[in-house]
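So the chains spell out like this:
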2 protein chains.
Amino acid sequence: MDPVTDVFTSDCPGREVLDHITGRWGLLIVAALKDGPLRFSQLRDRIGGVSEKMLAQTLRVLHRDGLIERNVEHSRPPKVCYELTPLGSELIGPLCELVQWIARRTPDIVAAQRRHDQSGSHTATGSHT
Amino acid sequence: MDPVTDVFTSDCPGREVLDHITGRWGLLIVAALKDGPLRFSQLRDRIGGVSEKMLAQTLRVLHRDGLIERNVEHSRPPKVCYELTPLGSELIGPLCELVQWIARRTPDIVAAQRRHDQSGSHTATGSHT
């Protein structure tokens, strides 16, 4: 099997997994957990702009995928901790490489956006045939 | 600067770039162009499930970001080709590593989803405090 074909096909399970992992919150949750377990409130504070609803929803999806574990600490009140499973930990390498590339190259991309907007070339890209 | 901090902050340009690149269609367009230029119709056929509207819109965003070039062939009728810029080509490595991991691990993730659904543990993940 061509490993790339798998995600290019709209009805294959790989496409669904791609969406879970590369969705904005999925990716940031995995990256946030790379150094160890975090509580819900710590995740919420670490990931700027995420709502509690979206965070809870994305954690449920990643838990169902077997990428994160959900551990209840027997304290009063009980606390829930999230951490990467061994499967989820395998994602740290590729995801952090991507995140670091973006951090490194964002100035070049912002410069390209400015050049594009100043050149007025956005008015000429309507046709694609 | 911690390179990861950049995308964890909701109002920084890196977060916008992250969305462009890891959005479902952005990622698949970059992966589809890894072997060379393609026309609009070829991209549409390669990427299962993408609408012409979403494809055109995502191509415009990636073009503005300086990640893809748009070349008009002087044929009759004129044809438009899309290809990765040198900046966009730098993404092939990290993105393909991620896509290949997903293709390789999708069976494990699907198995985890089945175990989760059969165990009924999805009913117990409502609380996150």
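As a reminder, the structure under discussion sits directly above these lines.
For every chain, the first residue of its written sequence is number 1, and the numbers climb from 1 along that sequence. Chains and ligands are labelled sequentially in the order written, the chains with letters from A and the ligands with numbers from 1. Where local features are concerned, this predicted model is filtered to residues with pLDDT of at least 70; where side-chain atom pairs are given and counted, the filter is 80 or more; whole-chain, interface and lining totals use all residues. The basis for the side-chain values is all heavy atoms of the structure; hydrogens and waters are excluded.

### Focus: the nonpolar core
We apply this condition: We define the nonpolar core as a collection of buried residues of types Ala, Val, Leu, Ile, Met, Phe, Trp, Tyr and Cys that are connected through side-chain atoms lying within 4.5 Å of one another. Burial status follows relative accessibility: with a 1.4 Å probe on protein chains alone, a residue under 20% of its type maximum counts as buried, one over 50% as exposed, and anything between as partly exposed. Whether two residues are in contact is decided by their heavy atoms: any pair within 4.5 Å suffices.
If you look at the biggest cluster of nonpolar residues, it comprises 70 residues, and the most contacted ones within it are I21, L43 and I47 of chain A together with I21, L43 and I47 of chain B. When sequence neighbours within four positions are dropped, the list of residues in contact with I21 of chain B reads L98, W101 and I102 of chain A together with G26, L27, L67, L91 and L95 of chain B.

### Points about the relation of the copies chain A and chain B
What counts, and what does not: When the copies are overlaid, the least-squares fit takes in C-alpha atoms only where the residue has pLDDT of at least 70 in both copies.
Of the transformation superimposing chain A on chain B, the axial component is 0.0 Å and the angular component is 180 degrees, with the fit at an RMSD of 0.0 Å. Read as a symmetry element, the transformation amounts to a two-fold axis. Mapped onto chain B, 100% of the interface residues of chain A again fall at the interface, so both copies present the same surface.

### Overview of the packing of helix α3 (residues 24-32) of chain A against helix α2 (residues 13-22) of chain B
Applied cut-off: Geometry is summarised by axes, namely lines fitted to C-alpha atoms with helices restricted to the contacting stretch, and by angles between N-to-C directions that run from 0 to 180 degrees. Secondary structure is summarised from DSSP: a helix means a run of H or I of at least four residues, a strand means a run of E of at least two, and numbering begins at the N terminus for each. We call two directions roughly parallel when the angle between them is under 35 degrees, roughly antiparallel when it is over 145, roughly perpendicular when it lies between 65 and 115, and oblique otherwise. By definition, turning the near helix anticlockwise from the far helix through less than a right angle yields a left-handed crossing, and turning it clockwise yields a right-handed one.
Across the interface, α3 of chain A lies against α2 of chain B with an axial gap of 10 Å and an inter-helix angle of 115 degrees. Judged by the inter-axis angle, α3 of chain A sits roughly perpendicular to α2 of chain B. Relative to α2 of chain B, the crossing made by α3 of chain A is right-handed. Across the interface between the two elements, R24, W25, L27 and L28 of chain A of α3 of chain A pack against R15, L18, D19 and T22 of chain B of α2 of chain B.

### Section: the sheet that holds strand β2 (residues 68-73) of chain B
Residue and element names in this part refer to chain B. Heads up, the condition is: When DSSP finds at least two bridges between two strands, those strands are taken to pair.
The strand order across the open sheet built from three strands is β1-β3-β2, with neighbouring strands paired in antiparallel fashion. The sheet is open, and its two borders are formed by β1 (38-39) and β2, each paired with just one other strand. Bridge count between β2 and strand β3 (residues 79-84): six bridges; the pairing is antiparallel. From the neighbouring strand, V72 faces β3, where its bridge partner is V80.

### Looking at the sheet that holds strand β1 (residues 38-39) of chain A
Strand order in the open sheet made by the three strands is β1-β3-β2 (chain A), with antiparallel pairing throughout. The sheet is open, and its two edges are formed by β1 and β2 (68-73) of chain A, each paired on a single side.

### Re the interface of chain A and chain B
How we decide: Accessible surface is computed with a 1.4 Å probe, and the buried area is the amount of it that two parts give up when combined, taken over both parts together. Whenever a carboxyl oxygen of Asp or Glu lies within 4 Å of a side-chain nitrogen of Lys or Arg, that contact is scored as a salt bridge. Here a polar contact is recorded for every N or O atom pair within 3.5 Å, except that within protein the pair must consist of a potential hydrogen donor and a potential acceptor, and residues adjacent in sequence are included only if both atoms are side-chain atoms. Nonpolar residues are Ala, Val, Leu, Ile, Met, Phe, Trp, Tyr, Cys and Pro. Charged residues are Asp, Glu, Lys and Arg, and all others, Gly as well, are polar.
Counting residues at the interface gives 71 residues for chain A, matched by 71 residues for chain B. Between chain A and chain B, the buried area comes to about 6200 Å², and carbon and sulfur atoms account for 64% of it. Applying the counting rule to chain A against chain B returns five salt bridges. In this structure, the salt-bridge partner of D19 of chain B is R24 of chain A, at a minimum N-O distance of 2.4 Å. Where chain A meets chain B, there are 16 residue pairs in polar contact (both at pLDDT 80 or more). For the side of chain A that touches chain B, the secondary structure elements donating two or more residues are α1 (5-8), α2 (13-22), α3, α4 (40-46), α5 (52-64), β3 (79-84) and α7 (92-119) of chain A. With 18 residues, α7 of chain A is the single largest residue contributor to the side of chain A that touches chain B. The class makeup of the residues in the side of chain A that touches chain B is 34 nonpolar, 18 polar and 19 charged.

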